Amino acid sequence: DTAVSQTPKYLVTQMGNDKSIKCEQNLGHDTMYWYKQDSKKFLKIMFSYNNKELIINETVPNRFSPKSPDKAHLNLHINSLELGDSAVYFCASGPSGGHGYTFGSGTRLTVV
Amino acid sequence: GENVEQHPSTLSVQEGDSAVIKCTYSDSASNYFPWYKQELGKGPQLIIDIRSNVGEKKDQRIAVTLNKTAKHFSLHITETQPEDSAVYFCASTTGFQKLVFGTGTRLLVSP
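Residues numbered from 1 in each chain as written. Chains lettered and ligands numbered in written order. Predicted model: local features only at pLDDT ≥ 70, side-chain atom pairs only at ≥ 80, totals over all residues. Heavy atoms only, no water.

Caption draft 1: Up close: the interface of chain A and chain B. Listed as interface residues are 25 residues of chain A and, on the opposing side, 21 residues of chain B. When the buried surface of chain A facing chain B is broken down by residue, A:Lys41, A:Leu43 and A:His99 rank first, second and third, together holding 30% of it. Viewed at the interface, chain B and chain A are joined by one salt bridge. The residue A:Glu58 makes a salt bridge to B:Lys98 at a minimum N-O spacing of 3.3 Å. Counting the contacts that link chain A with chain B gives seven residue pairs in polar contact (both at pLDDT 80 or more). Listing elements by their share of the side of chain A that touches chain B, those giving two or more residues are β4 (31-37), β5 (43-50) and β6 (53-57) of chain A. Looking at the side of chain A that touches chain B residue by residue, the classes come out as eleven nonpolar, eleven polar and three charged. (Contact = heavy atoms within 4.5 Å. Buried area = accessible area lost by both parts, 1.4 Å probe. Salt bridge = Lys/Arg side-chain N within 4 Å of Asp/Glu carboxyl O. Polar contact = N/O pair within 3.5 Å; in protein donor to acceptor, adjacent residues only side chain to side chain. Helix = DSSP H or I, 4+ residues; strand = E, 2+ residues; numbered from the N terminus. Nonpolar A, V, L, I, M, F, W, Y, C, P; charged D, E, K, R; others polar.)

What follows is the structure in structure tokens.
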């Protein structure tokens with residue numbers, strides 16, 4: 001039933017590790033996104049994919065690499081994790097045009 | 001690039017009162033303005049949106065107004081209830097697949 005599901009919900013890891021977050025949507029949307037929400041609740045876009053093609057890549061370190069195997073999935077891999085990467089990461093999907101996003105429930109990443 | 005300012009950052013009201021949250025956007029090409037509600041531990045949820053060819057839209061106790069000339073848009077919640085307590089975000093887009101969010105307003109409705 002879940003429209004946009006992301007796993008895991010919580011991720012605690014040490015500095016320097018590599019981790020992945022997975023996202024799947026069953027809404028038939030063409031576009032998927034990754035947003036980062038910092039401790040002050042500010043939501044900032046990281047990446048956007050449309051039909052498996054990268055269309056937005058904001059100023060994000062190269063350690064972050066999104067992968068979209070098909071238009072229903074968008075995963076986020078993070079290399080060499082740093083303390084400053086601690087945040088809540090949200091996956092979202094929407095129809096083409098940027099309207100009517102649906103967000104997942106978030107992955108709280110804590111780097112220690 | 002597009003910038004969205006949102007005020008106030010916190011808002012406390014008594015149950016039954018009205019609440020108003022205001023946003024200002026910078027890009028005159030912006031054409032879509034959604035509002036999201038984020039409850040604790042959850043993702044943002046779309047509650048209402050408005051397009052640039054409309055000045056006002058209502059959905060039960062929630063309404064949004066848009067002033068394109070001033071580049072302002074506002075969320076109005078009437079007859080607030082404790083379950084309206086959450087963080088509210090405004091956003092805007094020019095349609096190029098990217099929503100730019102405001103900084104959020106924490107609304108607290110006291111019984």
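Caption draft 2: Broad picture of the nonpolar core. The biggest cluster of nonpolar side chains holds 23 residues, and the ones touching the most others in it are B:Trp35, B:Phe73, B:Leu75, B:Ile77, B:Tyr88 and B:Leu107. Of all the elements, strand β3 (residues 19-25) of chain B adds the most residues to this core, at four residues. If we ignore the near neighbours within four places in the chain, the residues touching B:Ile77 are B:Asp17, B:Ser18, B:Ala19, B:Arg61, B:Ile62, B:Asp84, B:Tyr88 and B:Leu107. In terms of nonpolar packing, the next biggest core, distinct from the first, is built from 20 residues, A:Val4, A:Met46, A:Tyr49 and A:Phe64 among them. (Core = buried A, V, L, I, M, F, W, Y, C linked by side-chain atoms within 4.5 Å. Buried < 20%, exposed > 50% of the residue type's maximum accessible area, 1.4 Å probe, protein only.)

Caption draft 3: The arrangement of the environment of A:Ser5 in detail. Residues and elements named next belong to chain A. Summarising the element assignment, Ser5 is placed in strand β1 (residues 4-7). The class for Ser5 is partly exposed, based on a relative accessible area of 29%. For the pair Ser5 and Ala92, spaced 87 residues apart in the sequence, the C-alpha separation amounts to 9.1 Å. The residues touching Ser5, leaving out its near neighbours within four places in the chain, are Lys22, Cys23 and Glu24.

Caption draft 4: The arrangement of the packing of aromatic side chains in detail. A full pass over the atoms with the stated rule returns 16 aromatic pairs over all chains. Note on A:Phe64 and A:Tyr89: the rings are 6.3 Å apart at their centroids and 35° apart in plane angle, and the pair reads as tilted. With A:Phe64 in strand β7 (residues 64-70) and A:Tyr89 in strand β9 (residues 87-94), this residue pair connects regions lying 25 residues apart in the sequence. For the pair formed by A:Phe64 and A:Tyr89, the shared burial category is buried. Taken together, the aromatic side chains of A:Tyr33, A:Tyr35, A:Phe90, A:Tyr101, A:Phe103, B:Tyr36, B:Phe89 and B:Phe101 make up a single cluster linked through ring pairs. (Phe/Tyr/Trp six-rings, centres within 6.5 Å; stacked < 30°, edge-to-face > 60°.)

Caption draft 5: Layout of the environment of B:Ser74. Residues and elements named next belong to chain B. Checked against the element boundaries, Ser74 lands in strand β8 (residues 72-77). C-alpha of Ser74 to C-alpha of Leu40: the two residues are 34 residues apart in sequence and 23 Å apart in space. In this view, Ser74 contacts Val20, Ile21, Lys22, Trp35, Ala63, Val64 and Thr65; residues no more than four positions away in its chain are not counted.

Caption draft 6: Focus on the sheet that holds strand β8 (residues 73-78) of chain A. All names here are of chain A. Across the sheet, which stays open at both edges, the four strands sit in the order β1-β3-β8-β7 with antiparallel pairing between neighbours. Of all the strands in the sheet, the pair left with one neighbour each is β1 and β7. For this sheet, the mean angle separating the axes of adjacent strands, direction not counted, is 15°. Pairing analysis gives four bridges linking β1 to strand β3 (residues 19-25), with the strands arranged antiparallel. Directly across from Val4, in β3, lies its bridge partner Gln25. (Pairing = 2+ DSSP bridges. Axes fitted to C-alpha atoms, helices over the stretch in contact; angles between N-to-C directions.)

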